[in-house]
Structure formats: C-alpha cells, structure tokens
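Working through the structure, step by step
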Amino acid sequence: MFNKDVIAPGKMRRRIVNPRIMLLDCPLEYKKGENMTNAELMNEEDWHTLLKMEEDYILKLCTQIASFKPDVVITEKGLSDLACHYLSKHNISAIRRLRKTDNNRIAKVCGAVIVNRPDELQDSDIGTGAGLFEVKKIGDEFFTFITECKDPKACTVLLRGASKDLLNEVERNLQDAMCVARNMIKNPKLVPGGGASEMSVSAYLKQKSSFVEGVDKWPYEAVAHAFEVIPRTLAQNCGVNVIRTMTALQAKHANGENAWYGIDGNTGVISDMKELGIWDAYNVKVQTFKTAIEAACMLLRIDDIVSGIKKKQVQSATPSKPQVEDEKDVDSEQMIPE
C-alpha cells in the first residue's frame with residue numbers, strides 16, 4: 001500500500017485484476033536543459049516545429065511502453081500531461097513521483113524489475129505476480145493497494161487510530177515487537193526477566209571477589225552492586241519495602257541457586273519468572289551488559305587523562321623569566337605521565 005492515486009482518475013482504471021505492472025526510474029516528459037538554453041525563432045512555423053519535436057519524443061516513449069501491454073505504469077520521476085493522454089488512450093493507468101523505497105517494495109511484491117530507460121525494457125521486466133490493483137479512499141486521501149500476490153517478499157502493516165499520538169504509540173510498540181521477533185530468529189535464546197538475570201550475575205561476581213586479594217577485588221564488587229539497580233528499581237516502582245525485598249532476593253541467589261527468581265513488576269513479590277512467563281532476549285541482555293561495562297571503562301580512562309595533566313605549580317601574577325630545563329629536570333614530576 002502507498003499513498004498515491006492515478007494521475008487521471010476519470011480516464012484511468014482504479015481497479016485491475018491480474019495487472020501487468022511496469023516500474024520505471026525515468027521521467028516521462030520532455031527533458032529540460034541542465035543549463036540556460038536560448039532558442040531564437042524567426043518564423044511562426046519554427047515554434048510549431050519545436051512543439052512537434054517535444055510531442056514526437058513523448059509519443060515515442062509512450063509507444064515503447066505500450067508495446068509491452070502493461071496495465072499499470074509507476075515511475076519515480078515526473079509524467080507530463082501529454083504522456084498521461086497517450087497512456088490513457090492505451091488504457092494504461094499511471095502513477096508518478098513514487099518514493100524509491102516504495103518502488104523497491106512493489107518490485108518485491110509483483111516480481112517486476114525497475115528500469116532506468118524505456119529503450120532497455122524487456123518483457124521479463126513486467127511484474128505479473130500481483131492479483132489485484134485497487135485504489136481506495138481512506139478519510140480524505142487515496143491509497144493504492146496491490147494485493148492477492150502470488151509470492152510476495154514485502155508487505156504493508158496498516159495501523160488505524162483515533163489520534164496521531166495514539167498511532168505513534170502503536171507504531172512504536174509494533175516496532176519493538178518486530179525487533180524482539182528479529183532477535184529471536186537470529187539467536188533463539190532467552191533469559192529470565194524481572195531482575196533475575198542481573199541478581200544471578202551479581203551473586204556470582206560477589207562469590208568471585210572473595211577469591212581475589214588486594215585492590216583487584218573492588219571492581220568485582222562494584223559491578224556486582226551496579227547490577228542490583230534493575231531489581232531495586234522494579235521494587236521501588238511497585239511501592240514495596242525495597243531493603244527487605246532486596247535482602248530476600250539476595251538470599252535466594254546467595255549460593256548460586258534459584259536463578260529463576262526475580263521481582264513481579266505488578267505486585268512486587270519475589271516470584272519464579274519461569275512460571276510467570278517473563279523472559280528477556282539473550283542478545284539484548286548481553287549487549288546491555290557489555291555496553292554498560294565499556295561505558296564505565298571509558299569514563300575511567302577519561303578521568304585518568306584529566307587528572308594526569310594537572311599542574312602542581314601555580315603561576316604567579318608577575319611574569320617570570322623563561323627557564324631552561326636541565327638534565328636533572330627532564331624526568332621531574334612536571335612531566336605528564338604516560
């Protein structure tokens with residue numbers, strides 16, 4: 001479906017069964033000069049000759065198109081009134097100035113090939129896969145439908161709503177649902193939702209930190225604490241006692257057991273996510289974890305650079321003489337560390 005009507009509604013058909021569809025990417029009108037063009041006409045006959053040349057050029061294009069007996073001609077460029085007249089005489093419906101993306105989708109639907117010049121047209125370029133070409137009026141605008149296709153590779157999802165805000169919301173939800181389906185097809189793996197995955201990773205990192213000595217254990221504990229933000233936020237949104245709920249959830253995940261337990265977003269009760277059927281896509285969850293840790297590393301690197309260029313020496317108000325570094329000053333503290 002696309003938001004276009006035939007050029008001449010009174011002369012061209014709006015409903016065609018088993019149409020032969022031709023897709024073009026060229027203008028069906030007389031070419032305009034790229035630069036400033038001046039034509040000096042001495043006689044009245046010269047003016048008629050010039051108009052006749054334009055008419056002959058358009059007639060040649062339309063004759064080439066009509067020789068393949070298409071029912072519908074769709075072009076991405078302009079189509080003159082004269083070309084519209086010739087096409088309507090051959091009982092051909094025409095649509096002009098279609099978007100490139102829509103033209104590509106029509107090609108996938110009906111099996112046509114988009115042609116750049118009428119001279120290069122072949123019978124195999126005509127799309128015959130569509131079962132019905134129909135123009136309908138929805139509200140105040142006309143929409144073209146190409147339906148009942150034999151082997152379509154594209155489609156249109158038509159959304160209806162009472163207001164623009166409602167339509168935008170439905171479109172966003174549909175986009176999210178399609179992205180979830182795409183993730184499932186690419187990598188059909190699921191992890192429990194409701195903060196259960198985050199708490200499992202957090203409990204594992206806390207156990208791991210107990211086997212690490214010295215300063216190296218602090219990153220483990222910091223990341224483990226950061227992962228608890230998701231279930232804590234869920235508990236806050238439910239209005240339950242956050243400290244008690246988090247303590248109970250940590251106890252469930254303490255020994256690496258009960259990995260399915262998370263927070264029910266409706267009641268705030270700690271529940272088995274498998275029984276409730278609350279799942280997250282594995283791809284999305286892994287990418288979220290990676291992005292969060294990479295962002296933290298980047299901020300730490302930036303902080304190191306900023307703190308590394310601090311100057312300990314405060315410049316005095318009075319201008320001082322330029323100093324020449326000695327050999328002993330080369331490796332002093334004034335140098336920026338690597």
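Details of the structure are given in the entry above.
Every value quoted in this text rests on a predicted model; they were computed, and no experiment measured them. (Residues numbered from 1 in each chain as written. Predicted model: local features only at pLDDT ≥ 70, side-chain atom pairs only at ≥ 80, totals over all residues. Heavy atoms only, no water.)

**Focus on the nonpolar core**
Operational definition: Grouping buried Ala, Val, Leu, Ile, Met, Phe, Trp, Tyr and Cys residues that are joined through side-chain atoms within 4.5 Å yields what is termed a nonpolar core. Buried, partly exposed and exposed residues are distinguished by accessible area as a fraction of the type maximum, computed with a 1.4 Å probe on protein chains only: under 20%, between the cut-offs, and over 50%, respectively. Strands here are runs of E lasting at least two residues and helices are runs of H or I lasting at least four, both read from the DSSP assignment and numbered beginning at the N terminus. Throughout, a residue-residue contact means that at least one pair of heavy atoms, one from each residue, lies within 4.5 Å.
Formed by 41 residues in total, the largest nonpolar core has its most connected members in Leu 24, Leu 28 and Ile 74. Residue assignment for this core shows that the elements contributing at least two residues are strand 2 (21-24), helix 1 (44-66), strand 3 (72-75), helix 2 (81-89), strand 4 (93-95), helix 3 (100-110) and strand 5 (132-138). The dominant element in this core, judged by the number of residues it contributes, is helix 1, at five residues. Residues contacting Leu 24, with those up to four places away along its chain left out, are Ile 65, Val 73, Ile 74, Thr 75, Glu 76, Asn 103, Ile 114, Val 115 and Leu 121. With six residues, the next largest nonpolar core counts Ala 235, Val 242, Leu 249 and Ile 263 among its residues.

**Notes on the packing of helix 1 against helix 2**
For clarity, the threshold we go by: Interaxial angle, 0 to 180 degrees, is taken between N-to-C directions of lines fitted to C-alpha atoms, where a helix line uses only the stretch in contact. Should an angle fall under 35 degrees it is taken as roughly parallel, and over 145 as roughly antiparallel, whereas 65 to 115 is taken as roughly perpendicular and any remaining angle as oblique. Each helix crossing is assigned a hand: it is left-handed if the near helix lies turned anticlockwise from the far helix by less than a right angle, otherwise right-handed if that turn is clockwise.
Packing of helix 1 against helix 2 brings their axes to within 9 Å, and their N-to-C directions diverge by 40 degrees. One way to sum up the angle between helix 1 and helix 2 is to call them oblique. The interaxial crossing formed by helix 1 with helix 2 has right-handed handedness. Along the contact surface, helix 1 presents Glu 55, Ile 58, Leu 59, Cys 62 and Ile 65, while helix 2 presents Leu 82, Ala 83, Tyr 86 and Leu 87.

**Points about the layout of surface pockets**
Where we set the bar: Note on definitions: the grid is 1 Å and covers protein atoms alone; a cavity is a set of points where a 1.4 Å probe fits but cannot get out; a pocket is an open set with protein on both sides within 12 Å along at least five of seven lines; lining residues have an atom within 4 Å of a point. Grid points are joined across faces, edges and corners, and a volume is the space filled by probe spheres set on the points. Charged residues are taken to be Asp, Glu, Lys and Arg, nonpolar residues to be Ala, Val, Leu, Ile, Met, Phe, Trp, Tyr, Cys and Pro, and polar residues to be all remaining types, Gly included.
Estimated volume of the second largest pocket: approximately 420 Å³. Around the second largest pocket sit 13 residues that line it, and Val 157, Leu 158, Leu 159, Glu 171 and Leu 174 are the ones nearest its centre. Tallied by class, residues from the lining of the second largest pocket come to eight nonpolar, three polar and two charged.

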